[in-house]
Amino acid sequence: MSTSTHPETPSSGDTVENAIELQDVVGLSQGQIVRRRFFRHKGALVGLAALGGTILLAVTSVGIGPIPGWWMWTGYETGNPMSNPGGAPTLSLFPPAWGDHPFGQDELGRDIFARVMHGVQTSLMVMFVIGIVAGVIGVLVGAIAGFYRGGRDTALMRFTDLVITVPTIVIGAVIGKLSGQISAIVFAISLGLILWTTLSRLVRGEFLALREREFVDAARVAGASSGRIIFKHILPNAIGTIIVSTTLLMSSAILLETALSYLGFGITPPTISLGQMIQTYQQAFSTRPWLFWWPGIFIVIIALSVNFIGDGLRDAFDPRQKRIPSERKMANAMKADGSARGALTSTIPNQSGPMAGSGYGQ
Amino acid sequence: MLNFLLRRILAGLATLFVALFLMFVLVDAAIDPLQDLRESTAPNKAQLIAARIDLLNLDTNVVVRFFMWLGNLFTGDFGVAWRSMQPVKDLLVHAIGSTLQLVTAATILSLVIGVTVGIVSALRQYSGFDYGIIFLSFLLYSLPSFWVAVLLKQWAAIGFNDFLKDPVIAWSVIAGIAVVAGLFWSLAVGGRPARRWQVFGVAAVSTFAMFAYLQLSGWWERPQIGPILLLILAGGSAVAIAAVFAGVHNRRAMWTGLTTVGVGLALYLPMQVVFDSIDENNWIIFGLALLAMAVGFLIGRLYGGPDWGISARTGAAVAFITGGLIFIDQVMQVWPPYFKALSGRPIPTFGDRTPGLGGNYWVGVLDAFTHLLLPTATLVLIAFAAYTRYSRSSMLEVMSQDYIRTARAKGLPERAVVVRHGFRNTLIPLATIVPIDIITLIGGAVITEAVFARPGMGQLFVRSLNDAEIEPVMGYLLITATLAIIANIVADIIYASIDPRIRLDA
């Protein structure tokens, strides 16, 4: 964000709210502004905490790869004695108790907590790999198409159209059937290879607009190569769009992964995935409902927190985003601090009266 | 325009060709038609394998096979599903019918609910209602559809069937529902505290009264609309439509709506006789719906006035709703025998019709309805979230435009500003999303169809891919890819026709 070139200067149309907003950001770098706005978004913070907690729980409890975790089961041992009749969960809130099998056991006596944690690990891994692969391809395709235009643009965009023609879940099913049996990581990479299209279109749009700006001309006059202009000058200015849509891409990726695994075209045993667990256990819904609840709840937690983080990032990166306090807060502030109003209006050019731009919500 | 169409169609055909070729190669690599034979222990295994290779031409190169398939396509031969030897064309025709039912119902419902809620949410930006809707749409958007579908199937279906066996709702539950409904409406309508309390009271009391009526009159056992409920429902929607789209002060539109309801009410009893005496099918019902709308339009035209167009449109909409209510009433009349025929468990969890049910047209429609209930609910829950988000952000964008300020400045009432200037422009971005969404749904209700075992397009694709039958898979892909390309062209044309700033011939 070092090359951010357009400080928000007040133009003639600026209004009272805008002035407050400008006072908020005076003397801050773009990164600081974004960070501030992000941390102001409560939903995003809760999402971040929930996602972080889930990752921590999933990684430490059953361990990662060869490193063992603190949890006593691995989720693969069969024939454990049932702690509760039928393998019901031992987790309880009143009194708070964790028990031997907090999420219960399946009909073979396997520990569901450990299985869900393995599934969460798989899903998170798939989500991040898809995010990285699709993000890199999307940015590259979009950047090249938008920056060079002409023949390369046409060719790349026709290629994008080609991938969009077939619904994602259909092409995902075919690719999943092809790669899911091999390993989860191959599955994730191949899904990433088809999910970059939306991102590439957005990035292309940004590049088409940014390449006409003066700072690009300046860089070219100073002798910068095309690669340098793309990566050092234009890309940092498009980073908002890229981060936001990659985040939203990841939340849809986790739903796609679980859906494909549910249909049987995704991750196959012995690797555990949340969608595959739901598929295995859906017949047991009436007898052992916990087998069905826990994997689903974790999918919802992950997808929901990623969506909220994405929303917070969108608010943080969008320069047009203004925080408009509620009418009640505004009235309270006016009542409590009459002097602030005087101070505020004196910094505003005369042409914008106190009612300008407040036409909304009357 | 013609030039644009021609160029787009040519580009679309080229894309279609390449996409089909790539998918053919991919699908061929993904499936293994010999798997079951390879794992079998039959003594003549080698012979069987050779026979199947011969049947499916597996020793030919995949590229050659693609062109053979394509060549057959041009002669109208879609191939066969080799395991059952059924022609793919028949399979596709059946599947499309089933999917269209599901997709039409789901799209219309989620569009109407989603756009309405999104716009109201945008108009009440930063209120409790708005935050509630934002959270709800995020939650619904994050739900895995297969999980919701299984949940509905295992929980809602069984629970509702149990409820119908002994349809009594506890009074405390009814009171709870009434309070929730009151809260919802008071938050949605907004305004000063006194007004909120008023709205809360009215909404809660009327919800309570409605449920009490349903309970005490034994409605759950013998659901029907009847003339009185028809008068209340149709009259209410007539007033609401006229008030929202024409304004309370537009007397002509209001009278048009009420007259149309009167005509519908007068026709209620004669229509019972008509329905009993003729042999209905979907086309007759469709024709009747068009006729009703024409009558409503005519009533509005006859009321005249300088702006008769809006009265006529109000009349047509009210006529459609009134006719729809009469239709639903007719369907409800076969509920008791249907309920008995299915031995008291009328909400099914799989398929798209009850085999060997018999009965007349109305029983068939009711049967289709009950089968549509849960899959539609699944699709609506998720599509609703997306449409709410689109329409909310689009409405927010529109309402901060200069022309809205101009409209307010020239003294238009807020209703006219929102409906004429805001609402119409909000629909522009939606018009480009909806055609593509519908097409994606036709091919992509894969999960919902799989969970509820509806024999639609998605199910056809999943089953054929699992059974290693390449020709049905390719038939499915041909249909969905063609429709996707057409949808994109249609979206562009719609966009250009409603937004005069866009020109296609540029």
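Within any chain, residue numbers begin from 1 and follow the written order of that chain's sequence. Here chains are named by letter from A upward and ligands by number from 1 upward, in the order in which they appear as written. Reporting in this predicted model follows two pLDDT cut-offs: at least 70 for local features of residues, and 80 or more for side-chain atom pairs to be given and counted; totals over whole chains, interfaces and linings ignore these cut-offs and use all residues.

J.: It is not clear to me how the overall build of chain A should be interpreted in this structure. Could you clarify?
T.: Helices and strands together make up the secondary structure of chain A, namely 15 helices and 0 strands. The burial label depends on the number of other C-beta atoms within 10 Å of a residue's C-beta. Counts of 20 or more mean buried, 12 or fewer mean exposed, and intermediate counts mean partly exposed, with C-beta atoms placed from the backbone. Looking at chain A as a whole, 40% of its 362 residues qualify as buried. Look at the contacts in chain A between residues 6 or more apart in sequence, and 70% of them connect residues 24 or more apart. Numbering of helices and strands starts at the N terminus; helices are DSSP runs of H or I of at least 4 residues and strands are runs of E of at least 2. Think of it this way: build a C-beta for each residue from its backbone, and any pair within 7 Å is a contact.

J.: It is not clear to me how the overall build of chain B should be interpreted in this structure. Could you clarify?
T.: Along its length, chain B carries 20 helices and 2 strands. By principal-axis analysis of the C-alpha atoms, chain B measures approximately 85 × 65 × 45 Å. Counting every position in chain B, which comprises 506 residues, the buried fraction comes to 33%. Put simply, 73% of the contacts in chain B that link residues at least 6 apart link residues at least 24 apart.

J.: Teacher, can you tell me more about the interface of chain B and chain A here?
T.: Where interface size is given, it is often the accessible area lost as the parts come together that is meant. The partner chain A presents 35 residues to the 39 residues of chain B that form the contact. A per-element tally of the side of chain B that touches chain A places helix 1 (residues 2-30) of chain B first, with 9 residues. Taken together, the residues of the side of chain B that touches chain A sort by class into 28 nonpolar, 9 polar and 2 charged. In this count, Pro and Cys sit with the nonpolar residues alongside Ala, Val, Leu, Ile, Met, Phe, Trp and Tyr, while Asp, Glu, Lys and Arg are called charged and the others, Gly among them, polar.

J.: Teacher, can you tell me more about the packing of helix 9 (residues 214-221) of chain A against helix 10 (residues 226-234) of chain A here?
T.: Helix-helix packing is characterised by the crossing angle of the two axes and by the distance between the axes. Residue and element names in this part refer to chain A. Working convention: axes come from line fits to C-alpha atoms, limited for helices to the stretch in contact. Angles between N-to-C directions cover 0 to 180 degrees. Across the interface, helix 9 lies against helix 10 with an axial gap of 11 Å and an inter-helix angle of 135 degrees. With respect to their mutual orientation, helix 9 and helix 10 come out oblique. Crossing hand, helix 9 versus helix 10: right-handed. Across the interface between the two elements, Phe215, Val216, Ala219 and Arg220 of helix 9 pack against Ile229, His233 and Ile234 of helix 10. Of the residues assigned to the contact of helix 9 with helix 10, the class counts are 5 nonpolar, 1 polar and 1 charged. Note on terminology: angles under 35 degrees are roughly parallel, angles over 145 are roughly antiparallel, angles of 65 to 115 are roughly perpendicular, and the others are oblique. The handedness criterion is simple: a crossing whose near helix is rotated anticlockwise from the far helix by less than a right angle is left-handed, and one whose near helix is rotated clockwise is right-handed.

J.: I'm lost on unusual backbone geometry in this one. Help?
T.: Glycine aside, a negative phi is what most residues show, and trans is what most peptide bonds show. Positive phi values are uncommon outside glycine, yet Arg149(A) reaches one of about 50 degrees. Along the polypeptide, Arg149(A) turns up in the loop between helix 4 (112-148) and helix 5 (150-165). Phi is positive for Ala453(B), close to 50 degrees, though the residue is something other than glycine. Here Ala453(B) shows up in the loop between helix 18 (446-452) and helix 19 (457-466).

J.: Can you help me understand the environment of Thr54(A) in this one?
T.: Residue and element names in this part refer to chain A. Structurally, the position occupied by threonine 54 is in helix 3 (residues 42-62). In this structure, the C-alpha to C-alpha distance between threonine 54 and leucine 124, residues 70 residues apart in sequence, is 9.6 Å. The residues contacting threonine 54, other than those within four sequence positions of it, are Val120, Ile301 and Ile302.

J.: Honestly, the packing of helix 5 (residues 88-123) of chain B against helix 15 (residues 361-399) of chain B in this entry has me stumped. Any pointers?
T.: For the pair helix 5 of chain B and helix 15 of chain B, the least separation of the axes is 5 Å and the interaxial angle reads 35 degrees. Judged by the twist between their axes, the crossing of helix 5 of chain B over helix 15 of chain B is right-handed.

J.: Can you help me understand helix 7 (residues 145-165) of chain B in this one?
T.: It helps to recall that an α-helix has 3.6 residues per turn; residues three or four apart then point in one direction. Taking 1.5 Å per residue, 21 residues should reach 30 Å; helix 7 of chain B reaches 29 Å between its end C-alpha atoms and fits that length. If you look at helix 7 of chain B, its biggest bend is around 35 degrees, right at Leu152(B). Buried residues of helix 7 of chain B: Ser145(B), Phe146(B), Trp147(B), Val148(B), Ala149(B), Val150(B), Leu152(B), Lys153(B) and Ala157(B), and no others. Check the buried side of helix 7 of chain B and you find it contacts helix 11 (239-263), helix 12 (274-281) and helix 13 (290-317) of chain A together with helix 15 and helix 18 of chain B. The span one expects for a helix is its residue count, reduced by one, times 1.5 Å. To obtain the bend at a residue, axes are fitted to the seven residues ending there and to the seven starting there, and the angle between these axes is taken.

J.: Help me understand the confidence of the model for chain A, please; the structure alone is not making it clear to me.
T.: One rule of thumb: low pLDDT means the predicted coordinates there are not for detailed reading. Residue and element names in this part refer to chain A. A score between 0 and 100, pLDDT records how confident the predictor is in each residue. Mean pLDDT over chain A works out to 77, with 77% of the residues at or above the 70 mark. When pLDDT is averaged over each helix and strand of chain A, the minimum, 51, is found for helix 15 (residues 338-346) and the maximum, 91, for helix 9. In this model, residues 1-14 is a region of pLDDT below 50 whose contacts with residues beyond four sequence positions or in other chains number 21 contacts. Note on residues 345-362: pLDDT under 50 across the span, and 14 contacts to partners over four residues away in sequence or across chains.

J.: I tried to follow the confidence of the model for chain B on my own but got confused; where do I start?
T.: All names here are of chain B. Chain-level statistics for chain B give a pLDDT mean of 84 and a share of 99% at 70 or above. By mean pLDDT, helix 2 (residues 35-38) is the weakest element of chain B at 75, and helix 16 (residues 402-409) is the strongest at 91. Across the predicted assembly, pTM comes out at 0.81 and ipTM at 0.80.

J.: Explain the environment of Ile272(A) here, please?
T.: All names here are of chain A. Among the secondary structure elements, isoleucine 272 is positioned in the loop between helix 11 and helix 12. According to the C-beta neighbour criterion, isoleucine 272 is buried, with 25 such atoms within 10 Å. Spatially, the C-alpha atoms of isoleucine 272 and serine 123 are 9.1 Å apart, while their sequence positions differ by 149 residues.

J.: Explanation requested: the environment of Leu274(A) in the structure shown.
T.: Residues and elements named next belong to chain A. Take leucine 274: it is sitting in helix 12. When the 29 C-beta atoms within 10 Å are taken as the criterion, leucine 274 is described as buried. Distance from leucine 274 to valine 163, taken between C-alpha atoms, is 27 Å for residues 111 residues apart in sequence. With sequence-adjacent residues up to four places away left out, leucine 274 is seen in contact with Gly119, Val120, Ser123, Thr258, Pro295, Phe298 and Ile299.

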